[in-house]
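Fold and contact review
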Amino acid sequence: MDKTFTERFLEAAKAEGLLETRESALSLREELIAALDETVNQFAANRNPNFIRADITVMEVVDPDTGCVFRRELPMDFEENSNGIKIKGEDYYGKASEIVFFSGGAVTQMTNLTGGGEDEDPCGGHGLQ
C-alpha cells in the first residue's frame with residue numbers, strides 16, 4: 001500500500017534530523033501548525049475580524065509528568081474582542097458557567113470608569129479648565 005503524504009513527510013523530517021529530540025519535534029509541530037493555520041485562514045473572507053466566536057473550543061495541554069501533548073475538543077462557547085476573551089460552558093453540575101479574561105486595555109478602562117484612574121485628562125485639554 002502507498003504511504004500517505006503525512007507518512008512520507010514524517011520520514012523526510014526524520015531523515016533531515018528534525019525529529020531527533022523532543023524539543024526539535026515540538027518546534028517542527030509549532031511551525032507546521034502556524035503554517036497550516038495561515039493556509040486555512042487564506043480562505044476566510046475577513047482575515048482580521050473585530051469579533052471571534054466559536055461553539056467548540058479546542059484545548060491543548062502538555063502533561064508535566066509525561067511531557068505528552070493532548071488535544072481536546074470541548075463543548076464551550078468562545079468569544080473574543082478587544083476587551084478580552086469569554087468562555088461559556090457548564091460546570092460539574094450542569095449549571096451555566098462563564099470565565100472572562102480581560103485584556104490590558106479593558107482593565108485600564110474599568111479602572112478609569114470606577115474612579116481608580118488618573119486624575120488628569122489623558123487627552124490633554126478636554127477636562128474642565
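That block above? That's the structure.
Presented here is a report on the structure given in the accompanying data block. Remember, it's a predicted structure, so these values are computed and weren't measured experimentally. (Residues numbered from 1 in each chain as written. Predicted model: local features only at pLDDT ≥ 70, side-chain atom pairs only at ≥ 80, totals over all residues. Heavy atoms only, no water.)

Describing the overall build of the chain
Our working rule: Secondary structure follows DSSP: runs of H or I at least 4 residues long count as helices, runs of E at least 2 residues long count as strands, and numbering of each begins at the N terminus. Accessible area is worked out with a 1.4 Å probe on protein chains only. A residue is then buried under 20% of its type maximum, exposed over 50%, and partly exposed in between. The contact rule is simple, with two residues in contact once any of their heavy atoms fall within 4.5 Å. The Shrake-Rupley method, run with a 1.4 Å probe sphere, supplies the accessible areas, and residue values consider only the shown protein chains as cover.
A tally of regular secondary structure across the chain gives three helices and six strands. Counting from the amino terminus, helix and strand elements in the chain follow one another as α-α-β-β-β-β-β-β-α. Each of the 129 residues in the chain was classed as buried or not, and the buried ones make up 7%. At a minimum sequence separation of 6, the contacts of the chain that also span at least 24 residues come to 18%. Within the structure as shown, the chain displays about 11100 Å² of accessible surface, and the carbon and sulfur contribution to it stands at 55%.

Quick word on the pattern of salt bridges
Put simply, the rule is: Salt bridges, as used here, are contacts in which a Lys or Arg side-chain nitrogen is within 4 Å of a carboxyl oxygen on Asp or Glu.
The full count for this structure, using the stated rule, is eight salt bridges. A salt bridge links E60 to R71; its shortest N-O distance comes to 3.0 Å. Here E60 is found in strand 2 (residues 57–62), whereas its partner R71 is found in strand 3 (residues 69–74), with eleven residues between them in sequence. Judged by relative accessible area, which is 34%, E60 ranks as partly exposed. One salt bridge connects E79 with K86, and the closest N-O pair in it is separated by 3.8 Å. Salt bridges linked by common partners bring R29, E30, E60 and R71 together as one network.

Comments concerning the packing of aromatic side chains
To keep it simple, the criterion reads: Ring geometry is summarised as follows: Phe, Tyr and Trp rings, the Trp one being its six-membered ring, pair when their centres sit within 6.5 Å, and such pairs are stacked at plane angles under 30 degrees, edge-to-face over 60 and tilted between the two.
Under the definition given, this model contains two aromatic pairs. Ring centres of Y92 and Y93 lie 5.1 Å apart, and the angle between their planes is 90°; on these two criteria the pair is classed as edge-to-face. Judged by its relative accessible area of 69%, Y93 falls in the exposed class.

Observations concerning the sheet that holds strand 4 (residues 77–81)
Sheets are built from strands that pair by backbone hydrogen bonding, the pairs being arranged parallel or antiparallel. Note the following rule: Only strands that DSSP links by at least two bridges are regarded as paired with each other. For helices, the fitted axis covers only the stretch in contact; all axes are lines through C-alpha atoms, and the angles between them, taken along N-to-C directions, range from 0 to 180 degrees.
Spatial strand order, 1-4-5-6: four strands in an open sheet with antiparallel pairing. Both edges of this open sheet fall to strand 1 (52–54) and strand 6 (96–102), since each of them pairs with a single strand only. Across the sheet, the axes of successive neighbouring strands diverge by a mean angle of 10°, strand direction being ignored. The pairing of strand 4 with strand 5 (residues 84–90) spans five bridges and is antiparallel. Counterpart to D77 in the pairing with strand 5 is K88.

Remarks on the pairing of strand 4
Sheet topology places strand 1 next to strand 4; three bridges connect them, and they run antiparallel. In the strand pairing of strand 4, I52 is matched with E80. Counted along the chain from strand 4 to the antiparallel partner strand 5, the turn is two residues long.

Concerning the layout of surface pockets
Note the following rule: Note on definitions: the grid is 1 Å and covers protein atoms alone; a cavity is a set of points where a 1.4 Å probe fits but cannot get out; a pocket is an open set with protein on both sides within 12 Å along at least five of seven lines; lining residues have an atom within 4 Å of a point. Grid points are joined across faces, edges and corners, and a volume is the space filled by probe spheres set on the points. Here the nonpolar group is Ala, Val, Leu, Ile, Met, Phe, Trp, Tyr, Cys and Pro; Asp, Glu, Lys and Arg are the charged ones; every other residue, Gly included, is treated as polar.
Roughly 210 Å³ of volume is contained in the largest pocket. In terms of lining, the largest pocket is formed by F5, T6, F9, L10, L19, A25, L28, R29, L32 and L36. Listed by contribution, the elements that provide at least two residues to the lining of the largest pocket are helix 1 (5–15) and helix 2 (22–41). Element by element, the count of residues in the lining of the largest pocket is highest for helix 2, at five residues. Its residues placed into classes, the lining of the largest pocket shows eight nonpolar, one polar and one charged.

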